[in-house]
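# Structural features, examined
This is what each chain is made of:
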Amino acid sequence: MTPASAAEQRAVWLLAVGQMLGYACFFYIFAAMVVSWHEALGWDKAMLALGPTLAILISAALAPFVGRAVDRGQGPRLMAGGALVGALALVVLAGASRQWVYMLAWAGLGLAQASCLYEVCFALLIRRFGLSARAAITQVTLVAGLASTLAFPAAAALTLALGWQGTVWVAVAVAALIVLPLHLVGARTLSQGPADGRQGAPVAAAGRTVLREGNFWRLAALFSLLNLNHWMLISFMLPVFAAQGLGSGLAVAAAACVGPAQVLGRLALMRSEARLGTGLATKLTLCAIVAASV
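Rules and cut-offs
Residues numbered from 1 in each chain as written. Predicted model: local features only at pLDDT ≥ 70, side-chain atom pairs only at ≥ 80, totals over all residues. Heavy atoms only, no water. Axes fitted to C-alpha atoms, helices over the stretch in contact; angles between N-to-C directions. Helix = DSSP H or I, 4+ residues; strand = E, 2+ residues; numbered from the N terminus. Parallel < 35°, antiparallel > 145°, perpendicular 65-115°, else oblique. Left-handed = near helix turned anticlockwise from the far one by under 90°. Nonpolar A, V, L, I, M, F, W, Y, C, P; charged D, E, K, R; others polar. Patch = residues over 30% accessible without salt bridge, like charges linked within 9 Å, V, L, I, M, F, W, Y side chains within 5 Å. Areas by Shrake-Rupley, 256 points an atom, 1.4 Å probe, with all protein chains shown as cover. Salt bridge = Lys/Arg side-chain N within 4 Å of Asp/Glu carboxyl O. Buried < 20%, exposed > 50% of the residue type's maximum accessible area, 1.4 Å probe, protein only. Phe/Tyr/Trp six-rings, centres within 6.5 Å; stacked < 30°, edge-to-face > 60°. Expected span 1.5 Å × (residues − 1). Bend = angle between axes of the 7 residues up to and from the residue. Contact = heavy atoms within 4.5 Å. Polar contact = N/O pair within 3.5 Å; in protein donor to acceptor, adjacent residues only side chain to side chain. Disulfide = S-S within 2.5 Å. 1 Å grid on protein atoms, 1.4 Å probe; cavity = no way out; pocket = protein on both sides within 12 Å on 5 of 7 lines; lining within 4 Å. Points joined across faces, edges and corners; volume = space filled by probe spheres on them. Core = buried A, V, L, I, M, F, W, Y, C linked by side-chain atoms within 4.5 Å. Arc of directions from axis to C-beta.

The next subject is the packing of helix α1 (residues 6-26) against helix α8 (residues 147-191). Any two packed helices are characterised by how steeply their axes cross, that is the angle between the axes, and by the distance between the axes. Following both chains from N to C, one finds α1 and α8 inclined at 150°, their axes separated by 6 Å at the closest point. One finds that α1 runs roughly antiparallel with respect to α8. The handedness of the crossing between α1 and α8 is left-handed. Classifying every residue of the contact of α1 with α8 gives 24 nonpolar, six polar and one charged.

Here you go:
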């Protein structure tokens, strides 16, 4: 692989910022707004949770098709189109006074998540840089890891000033006017470089072999449970704090700490991964998840 040019290095930064804002608008918006929606709309929290659950299911179902599209060089269209679909879904969400409209909005957000968040971004980086993509992926995650740190305080301040609908409209503007151009320019720049020659049939054949191995499915189950745990803790952190009689300011501050902690964890892993090894690092991560849940 040829080394990244200065333009490509800038493109990675553009994608990193786009991912941070994209996650804040399309993913963490539920966790940041669930208390406001519960109070304003009067819907049960279980009903509200069905929305992002639907989005996750749609995103998972579309993943194989999105991956194939990236392999065909459609990454820039997916990244930009996903941001546009997400902005339109947020427009629907801003006017969601009925439950079916709310669910429709989250279906659109699921499509956006599948099209323009981590999976597509990482696939685009791997397609361009191959085995050298790790540094670029780490760069993106270090910035995007701050999405929750941005989403929770911003939603709290904006809801106080503009109400929940005004806050969602701000998210619409961010998605359409910032995330979309960042994704479009960044992804187009990377797609113009030479693709890694180790793509294609050999990789596809290796993928089919992996699918027949038990370890793959055990890892899939592990990461599914880890993501479910993370989603539950983050999404209902504000309601849990409120149920304990703690102030909303403390709840927002606690939720905002997750992002910096993710970044610190990644930096620590980068410095010590050679000594720890993947197995020990995974076990430490699992212990941390259990401790956080307790």
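Taken together, the side chains of Leu269, Leu276, Leu280 and Leu284 make up a nonpolar region of the molecular surface, amounting to roughly 310 Å² of accessible area. By the secondary structure assignment, leucine 269 is in helix α13 (residues 258-293). On the basis of relative accessible area, leucine 269 is assigned to the partly exposed category, the value being 37%.

Attention now moves to the packing of aromatic side chains. Under the criterion given, the structure shown has 14 aromatic pairs. Judged by centre distance (5.1 Å) and plane angle (90°), the ring pair of phenylalanine 27 and tyrosine 28 falls under edge-to-face. The class of phenylalanine 27 is partly exposed, set by a relative accessible area of 22%. A ring pair is formed by tryptophan 37 and tryptophan 164, whose centres lie 6.3 Å apart and whose planes are at 85°; its orientation type is edge-to-face. In this pair, tryptophan 37 sits in helix α2 (residues 29-41) while tryptophan 164 sits in helix α8, placing the two residues 127 residues apart along the sequence. Tryptophan 164 shares its class with tryptophan 37; the two are buried. An aromatic cluster is defined as three or more aromatic residues linked by ring pairs; in this entry it consists of Phe30, Trp37, Trp43, Tyr102, Trp106, Trp164, Trp231 and Phe236.

What follows covers helix α3 (residues 45-71). With 27 residues, α3 extends 39 Å between its outermost C-alpha atoms, agreeing within 8% with the 39 Å of an ideal straight helix rising 1.5 Å per residue. Along its length, α3 shows its largest kink, about 45°, at alanine 63, and proline proline 64 lies within four residues downstream of that point. Among all positions of α3, only Met47, Leu48, Ala49, Gly51, Pro52, Ala55, Ser59, Val66, Ala69 and Val70 are buried. As for α3, its buried residues are in contact with α2, α4 (75-94), α5 (99-116), α6 (118-129) and α10 (214-235). In this structure aspartate 44 caps α3, since a side-chain oxygen of it lies 2.7 Å from the backbone nitrogen of alanine 46. Of the residues flanking the end of α3, it is glycine 73, one or two places downstream, whose phi is positive at about 90°.

For the structure on display, the rule yields zero disulfides. Cysteine 25 takes part in no disulfide bond, and the closest cysteine sulfur to it belongs to cysteine 116, at a distance of 9.9 Å. Residue cysteine 25 is classed as buried on the basis of its relative accessible area of 6%. Distance from the sulfur of cysteine 121, which forms no disulfide, to the nearest cysteine sulfur (cysteine 116) is 9.6 Å. Judged by relative accessible area, which is 0%, cysteine 121 ranks as buried.

Its volume calculated, the second largest pocket comes out at about 330 Å³. Put simply, the parts of the chain that give the lining of the second largest pocket at least two residues each are α2, α8, α11 (237-243) and α12 (248-256). With five residues, α8 is the single largest residue contributor to the lining of the second largest pocket.

Counted according to the given criterion, the structure contains one salt bridge. Note that arginine 128 and glutamate 8 form a salt bridge whose closest N and O atoms lie 2.6 Å from each other. With arginine 128 in helix α6 and glutamate 8 in helix α1, the pair connects residues that are 120 residues apart, well separated along the chain. Under the relative-accessibility criterion, arginine 128 is labelled buried at 3%. Judged by relative accessible area, glutamate 8 falls into the buried class, the value being 5%.

Further remarks concern the nonpolar core. Phe30, Trp37, Leu90, Leu93, Tyr102 and Leu125 are the most contacted members of the largest nonpolar core, which has 80 residues in total. Each residue touching tryptophan 37, except ones within four places of it in the same chain, is listed here: Ile29, Phe30, Gly42, Leu48, Leu93, Tyr102, Trp106, Trp164 and Val168.

Let us now look at the environment of serine 224. Tracing the sequence through the fold places serine 224 in helix α10. Between the C-alpha atoms of serine 224 and glycine 279, which are 55 residues apart in sequence, the distance is 18 Å.

Our next topic: α12. Listed in full, the buried residues belonging to α12 are Ala251, Val252, Ala255 and Ala256. Angular distribution of buried residues about the axis of α12 spans 130°; they occupy a single face of the element. Close packing links the buried residues of α12 with α8, α11 and α13.

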